[in-house]
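Chain by chain, the residues run as shown.
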Amino acid sequence: MTAAQPGGTSTPAVLTTSGFDEVDTPQLRKFQRRVTLLSAGGTFLDGFDLTVIAVALPMIKEEWHITALDQSLIVSAAIIGSLIGASWLGNLTDKYGRKAMYVVDLLAFVVFATLTAFAWDIWPLIIFRFLLGVGIGADYPISATLVSEFSSNKRRGQHGTSLASMWFVGAVAAYVFGLLLAPLGDFAWRALLLLGAVFALIVFIFRVKLPESPRWLVAHGRETDAREVLRKVTGVEVDPNVTLEKPPAIPLGQLFSGELGRRTFFVCGFWFCYATAYYGISMYTPTILAPFTGNDRTLTIIGSGLVAVLGLVGSIIGMNVVDRWGRRPLIITSFAGLTASLVILALNTDPGLGFLIVMFSTAVLFSNAGGGILNFVYPTELFPTSIRASAAGLATSVSRIGSIMGVLVFPNFVALWGANAALWFFAAIGLAGLSICFALAPETLHRSLEELDPTRADSRHG
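Residues numbered from 1 in each chain as written. Predicted model: local features only at pLDDT ≥ 70, side-chain atom pairs only at ≥ 80, totals over all residues. Heavy atoms only, no water.

## Some thoughts on the overall build of the chain
Then, in step 1: A count of helical and extended segments in the chain gives 18 helices and two strands.
Then, in step 2: Here the chain holds 462 residues, and 61% of them are scored as buried.
Then, in step 3: Accessible surface computed for the chain: about 17100 Å², of which carbon and sulfur atoms make up 68%. (Helix = DSSP H or I, 4+ residues; strand = E, 2+ residues; numbered from the N terminus. Buried < 20%, exposed > 50% of the residue type's maximum accessible area, 1.4 Å probe, protein only. Areas by Shrake-Rupley, 256 points an atom, 1.4 Å probe, with all protein chains shown as cover.)

## Here's the deal with the packing of helix 6 (residues 156-181) against helix 10 (residues 258-282)
Then, in step 1: The contact between helix 6 and helix 10 brings their axes to 14 Å, and the two run at 10 degrees. Regarding the angle of helix 6 to helix 10, the classification is roughly parallel. Packed against helix 6, whose contacting residues are W167, F168 and Y175, the element helix 10 presents Y274, Y278, Y279 and S282 at the interface.
Then, in step 2: A breakdown of the residues in the contact of helix 6 with helix 10 according to their chemical character gives six nonpolar, one polar and no charged. (Axes fitted to C-alpha atoms, helices over the stretch in contact; angles between N-to-C directions. Parallel < 35°, antiparallel > 145°, perpendicular 65-115°, else oblique. Contact = heavy atoms within 4.5 Å. Nonpolar A, V, L, I, M, F, W, Y, C, P; charged D, E, K, R; others polar.)

## Concerning the packing of aromatic side chains
Then, in step 1: Throughout the structure, instances matching the rule amount to 15 aromatic pairs.
Then, in step 2: Where F266 meets F270, the ring centres are 5.1 Å apart and the plane angle is 40 degrees; that geometry is what we call tilted. Pair noted here: F266 and F270 are both in helix 10, with a separation of four residues, about one helical turn. Each member of the pair, F266 as well as F270, carries the same accessibility label: buried. (Phe/Tyr/Trp six-rings, centres within 6.5 Å; stacked < 30°, edge-to-face > 60°.)

## A few points about the side chain of T161
Then, in step 1: Its location among the elements puts T161 in helix 6.
Then, in step 2: Of the residues examined, T161 reaches a relative accessible area of 0% and is grouped as buried.

## Considerations on the pattern of salt bridges
Then, in step 1: According to the stated counting rule, one finds seven salt bridges in the structure shown.
Then, in step 2: Across the salt bridge formed by R222 and D225, the nearest N and O atoms sit 3.0 Å from each other.
Then, in step 3: R222 sits in the partly exposed class, given a relative accessible area of 38%.
Then, in step 4: Residue classification places D225 among the partly exposed positions, given a relative accessible area of 34%.
Then, in step 5: A salt bridge links R263 to E259; its shortest N-O distance comes to 2.9 Å. With R263 and E259 both in helix 10 and four residues apart, this pair spans about one turn of that helix.
Then, in step 6: Among the charged side chains, a network of salt bridges with common partners joins E228, R231 and K232. (Salt bridge = Lys/Arg side-chain N within 4 Å of Asp/Glu carboxyl O.)

## Let's talk about the environment of L201
Then, in step 1: Mapped onto the secondary structure, L201 falls in helix 7 (residues 188-207).
Then, in step 2: Residue class for L201 comes out partly exposed when judged on its relative accessible area of 44%.
Then, in step 3: Each C-alpha atom of the pair L201 and F109 lies 8.1 Å from the other, and the pair is 92 residues apart in sequence.

## Regarding a nonpolar patch on the surface
Then, in step 1: Together, V198, L201, I202, I205 and F206 make up a nonpolar patch on the protein surface, roughly 460 Å² of accessible area in all.
Then, in step 2: You can see I205 is positioned in helix 7. (Patch = residues over 30% accessible without salt bridge, like charges linked within 9 Å, V, L, I, M, F, W, Y side chains within 5 Å.)

## A short note on the confidence of the model for the chain
Then, in step 1: The predicted model of the chain has a mean per-residue pLDDT of 80, with 89% of residues at 70 or higher.
Then, in step 2: When mean pLDDT is taken per element in the chain, helix 13 (residues 327-347) scores highest with 93 and strand 1 (residues 3-4) scores lowest with 37. (pLDDT = per-residue confidence, 0-100.)

## Structural notes on the state of the cysteines
Then, in step 1: Per the stated rule, a full pass over the model turns up zero disulfides.
Then, in step 2: Considering cysteine sulfurs only, C437 is the nearest to C273, which forms no disulfide, with 7.9 Å between them. (Disulfide = S-S within 2.5 Å.)

## Description of a positive patch on the surface
Then, in step 1: A surface patch of positive charge is lined by K30, R33, R34 and K209.
Then, in step 2: Structurally, R33 is set in helix 2 (residues 26-64). (Lys, Arg positive; Asp, Glu negative; His and termini not counted. Charge placed at Lys NZ, Arg CZ, Asp CG, Glu CD.)

## Observations concerning the nonpolar core
Then, in step 1: Core analysis: the largest hydrophobic core is formed by 136 residues, its most contacted members being F266 and I331.
Then, in step 2: Counting residues per element, this core draws most heavily on helix 2, which supplies 18 residues.
Then, in step 3: With near-sequence residues (within four places) excluded, F266 lies in contact with I331, Y378, L382, I436, C437, L440, A441 and P442. (Core = buried A, V, L, I, M, F, W, Y, C linked by side-chain atoms within 4.5 Å.)

## With respect to helix 3 (residues 68-96)
Then, in step 1: Taking 1.5 Å per residue, 29 residues should reach 42 Å; helix 3 reaches 41 Å between its end C-alpha atoms and fits that length.
Then, in step 2: Along its length, helix 3 shows its largest kink, about 40 degrees, at S76.
Then, in step 3: Positioned one or two residues after helix 3, G97 has a phi angle of 115 degrees, which is positive. (Expected span 1.5 Å × (residues − 1). Bend = angle between axes of the 7 residues up to and from the residue.)

In C-alpha cells, the structure reads:
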C-alpha cells in the first residue's frame, strides 16, 4: 500500500480508500459487506423503532384515552433523545473509537426497547422512548462513519446508501409486524415494541466481533494496530517500511468556518429540511388515513404500509444510481420531486383515500431516493477523520430538530388551520431544501476521503 505523486516520486503511504481499491481482494469485499450489513442492522432498528410508534399509537390511544399533547410527546420522545445521542456519542466516537460506541449504543436499544414494552403509564413510556432515542441517534454517525472508512471509493456511495435503505426496510417491517400481531388485541402494541429489543440483541451479538477502523487507529497514533487490522481484513501484508501518515487533528470549531463551515451548513440544512417534511408526513400517515378507512385498523395499516413500501422503493432506486449518476443530481431531483408532490397534495382540498396514498407515496419515494439516503453519505464524505463522527453527529442532531418540528407542527397546524396549511408549510420546507442543494451540493463521486478533505494540502476541491 504505497502512494505516488505525479512524476513517479514516492511518498509515505496514506491510509486511504484508494488503498482499499488497490488491494480489492475477495476477502476485503466480503469484510466490507459484513461491516455494511451489521451497520445496516442498526439503521433497520432505527427505522423500526421510530416508525413502530406510529403503528402502535392508535392502539395506545384506544387503551389509555390519551390527549393530542400526549400523542405528540410519545411520538417525539425518541426523536428528542436521538438529537442528544447523535451529538454526544458522535463526539465520543471520535475520542474513544468507532467500535466502542458501535457496540455500546446497541445496548441502549436492547434495554430501553424492552422497558417501553412494559411501560405501565404514559410518562414511563415517554421516558423509556427518550432513552431509546439516545441510542438511535448515536447509531447514525457511528455506523455511517465506520462504513465509509472501510469502503472503497467505487462502492462507498452504495454502501452508505444501503444503510439508509435498511432504515426504510425497518419502517416497512413495523407495519408488517403490526398486521401480524394485531390479533393479540390490547397486548399487540407491547409485543411490537418488545420485538425491537429482540432484533437489537441479535445485531449486538454480531457487532462485538468487528475490528476498529484503521483510519481512527492511525489518527490516534496506533499504527501497529492499524496494520494488523488491514492485514486481517484485506489478507495482504502492509510493507513494514511504509509509514501510514497520521492525518492532522482538526479543532471542532473549524466546523463553523471557511470551507468546512460551508459543508456543515449544507449537510445540516438539507438533512433538516428532509427530516421536517418526512417525519411530519410519515409519523402521522396512519392518523391521517384512519378517517378515510372508517377507522378500520387493518385498512389503515395497509394504506400506511403502502406509503412506507414506496419510500423503500425510492431508497433502493437511489442506492443503485448513486455511484453512477452522482450525489448532486440525485439530491436535487429528490427535493424537486418532494416539493412538487406536496404542492399537488396541498392544492387538492377534498382528496380521496386513493389520491392521498398515491401522492404521499410519490412524495416519500422522491424524498427517500436522495435526501433520505445521502444523509448517510455526505456527512461522512465531507469531513476529516478526526472530526468525521462529530460532524455527522451534529448533522444528525440538527435533523432531529427538523424531525421534532415536523412531528409537533403537523397536528397543531391541522387543528388550527387544517391539513392544507400543514401541507403548504412542508412544501415550503421542501423548496428550502431544494435551494440549499442547488446552491451548495458538491459532487464527491469516486473521490477518496483524503481527496475530499479540504484541510490536506494535496486535496482537490470540487
